[in-house]
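A look at the structure
As a plain string of letters, each chain reads:
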Amino acid sequence: MHEAALPPDLRVFVRGWLSSNNLLCLGEQPALIDTGHVKHAGETTRLVANALQGRRLAAVAHTHLHSDHCGGTAALQAAWPGVPTWVPEPTLPHVQAWDEDQLTFGDTAQRCARFTAGHALAPGQRVRLGQRDWEVHAAPGHDALAVLLFQPDSGVLMAGDALWEHGVGVIFPHIDGSGGFEPFVDTLALIERLAPAVVVPGHGAPFAREGGGIDAALARARQRIAYFADHPAQHALYAAKVLIKYQLLDAERMPRPAFRAWLDAAPSLRLLHRQHRPDLAWDDWLDAVLAPLFDKGALRIDATHVHDGD
């Protein structure tokens, strides 16, 4: 495997699965792209401050506004008051009104600290982040309103959750009825046309075109999306497991009654139940979703609590 080399002014903080990766763009206008989860907001602020060595953060930008990509933004704005903050264009009014349903935090029963934004990332524009100009491209698929940020001189693509090295994220537009699987396929075709040298994914280590890493990732993603298109109920099951696992990554442990209350209150899980197995009663469907998570050790349960298995 070829190591993905980035220019020295671009620094990736690889965070894990609860917090997205962050890309720090150094230079005359230091900027951070994606800010992780609110649970790790203090760590995000420390990472950025240590790297800046006393310089001021000049901008914050986001590939999309799922809670694992924007949860640290409020803390960064507190550390650097007035920092210009960019979000994908259609989401700007939702941030300004702080409409948690439009921002999907309500539907997924996830948490995110409130932040402000005053700048829109519109497909077709270029935005200065660090010492480089970045192209903004629409990237519907995982999120209908997501963008890619591509730096053509270095060939670095900040992909968010549009492309991982292995697997694909939940295709939320298919859950909420705003789209299907085809836009994700179109976004993969766009990435192929951009021909990046290095992809910085939302999760996992950066990977390079050299040695075929990006081509292989695109092939894997296309295969996975084609499978979901042919078996949409499997996508619904996958999505339910991801949402539940994500909640336990955040909470780490929950009393059993609180865990059950969270399950019952999550609108996205109710939608997935109707999509996946409307013939099953709610309790029976939950049992079918949870059983493999417990069997494989992704979650653990004892007499009083449900625990994250990691």
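Below is a short write-up of the structure. (Residues numbered from 1 in each chain as written. Predicted model: local features only at pLDDT ≥ 70, side-chain atom pairs only at ≥ 80, totals over all residues. Heavy atoms only, no water.)

Let's talk about the state of the cysteines
Summed over the entire model, instances satisfying the criterion amount to zero disulfides. Free cysteine Cys 25: the closest other cysteine sulfur is in Cys 70, separated by 18 Å. There is no disulfide at Cys 112, and the cysteine sulfur nearest it, in Cys 70, is 3.8 Å away. Overall, Cys 112 belongs to the buried group, its relative accessible area being 9%. (Disulfide = S-S within 2.5 Å. Buried < 20%, exposed > 50% of the residue type's maximum accessible area, 1.4 Å probe, protein only.)

A short note on the sheet that holds strand β8 (residues 132-138)
Spatially, the six strands line up as an open sheet ordered β7-β8-β9-β10-β11-β12, and their pairing is mixed. Two strands lie at the open edges of the sheet, namely β7 (126-129) and β12 (207-208), each paired on one side alone. For β7 and β8, the ladder comprises four bridges, and the chain directions are antiparallel. Paired with Arg 126 across the bridge in β8 is Glu 135. (Pairing = 2+ DSSP bridges. Helix = DSSP H or I, 4+ residues; strand = E, 2+ residues; numbered from the N terminus.)

What to know about the packing of helix α8 (residues 213-230) against helix α9 (residues 232-251)
Two elements in contact, α8 and α9, have axes separated by 5 Å at closest approach and are oriented at 110 degrees. Between α8 and α9, the angle is such that the two are roughly perpendicular. Along its contact with α8, which presents Arg 224, Tyr 227, Phe 228, Ala 229 and Asp 230, the element α9 presents Pro 232, Gln 234, His 235 and Tyr 238. (Axes fitted to C-alpha atoms, helices over the stretch in contact; angles between N-to-C directions. Parallel < 35°, antiparallel > 145°, perpendicular 65-115°, else oblique. Contact = heavy atoms within 4.5 Å.)

Quick notes on the sheet that holds strand β14 (residues 299-301)
The antiparallel open sheet is built from three strands, whose spatial order is β13-β15-β14. The open sheet has two edge strands with one neighbour each: β13 (253-255) and β14. Strand-to-strand twist across the sheet, computed as the mean angle between neighbouring axes with direction ignored, equals 20 degrees. Sheet topology places β14 next to strand β15 (residues 305-308); three bridges connect them, and they run antiparallel. Looking at the pairing, Arg 300 lines up with His 307 of β15.

Some details on unusual backbone geometry
Positioned with a positive phi, Asp 34 is a non-glycine residue whose angle comes to about 70 degrees. Take Asp 34: it is sitting in the loop between β3 (31-33) and α1 (41-52). Looking at Asp 34, the relative accessible area reads 0%, which means it is buried. Phi angles above zero are rare outside glycine, and Ala 109 is one such case at about 55 degrees. Residue position: Ala 109 is located in the loop between α5 (105-108) and β6 (119-121). Assessed through its relative accessible area of 24%, Ala 109 is described here as partly exposed.

Quick notes on the side chain of Asp 143
When you line up the elements, Asp 143 lands in the loop between β8 and β9 (147-151). Buried charge without a salt bridge: Asp 143, with Arg 193 as the nearest opposite-charge side chain at an N-O distance of 18 Å. In terms of polar contacts, Asp 143 uses its side chain to reach the side chain of His 66, at 3.2 Å. Residues within four places of Asp 143 in sequence aside, it is in contact with His 64, His 66 and Pro 173. (Lys, Arg positive; Asp, Glu negative; His and termini not counted. Salt bridge = Lys/Arg side-chain N within 4 Å of Asp/Glu carboxyl O. Polar contact = N/O pair within 3.5 Å; in protein donor to acceptor, adjacent residues only side chain to side chain.)

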